[in-house]
Amino acid sequence: MYAAPGTFDPDRWEPERAKGLNRSSFLAFGDGRRKCIGEEFAWTELLIILATVLQRWRLTLASAPPRPQAKSRSSRTNCR
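Residues numbered from 1 in each chain as written. Predicted model: local features only at pLDDT ≥ 70, side-chain atom pairs only at ≥ 80, totals over all residues. Heavy atoms only, no water.

Enquirer: Just checking my understanding: could you explain the overall build of the protein chain for this structure?
Expert: When its secondary structure is counted, the protein chain shows two helices and zero strands. A total of about 8500 Å² of accessible surface is found on the protein chain, and carbon and sulfur atoms cover 57% of it. (Helix = DSSP H or I, 4+ residues; strand = E, 2+ residues; numbered from the N terminus. Areas by Shrake-Rupley, 256 points an atom, 1.4 Å probe, with all protein chains shown as cover.)

See the structure below:
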């Protein structure tokens, strides 16, 4: 998959170099025998943090959502 997998090379993810890689080349927690033992803990911790934030703070939109634009007459098709 990589020329030197043991070498620290953050540039391997640059767009021009990443084009040649398979999309499933990077798995954050790994998979199979080498799966991260902390994955389940990380997901549980994430859910606890999310529940805590939603209980303690009221989240609101910073501004009103945009109103839908009306279609102009020129963009309508004539169905006669």
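Enquirer: What is the right way to look at a nonpolar patch on the surface in this model?
Expert: A surface patch of nonpolar side chains, about 580 Å² in accessible area, is lined by L47, L50, L54, W57 and L59. Considering the arrangement of structural elements, one finds L47 in helix α2 (residues 39-56). Judged by relative accessible area, L47 falls into the exposed class, the value being 57%. (Patch = residues over 30% accessible without salt bridge, like charges linked within 9 Å, V, L, I, M, F, W, Y side chains within 5 Å. Salt bridge = Lys/Arg side-chain N within 4 Å of Asp/Glu carboxyl O. Buried < 20%, exposed > 50% of the residue type's maximum accessible area, 1.4 Å probe, protein only.)

The quantities given are spatial measurements derived from coordinates; they are silent on function.
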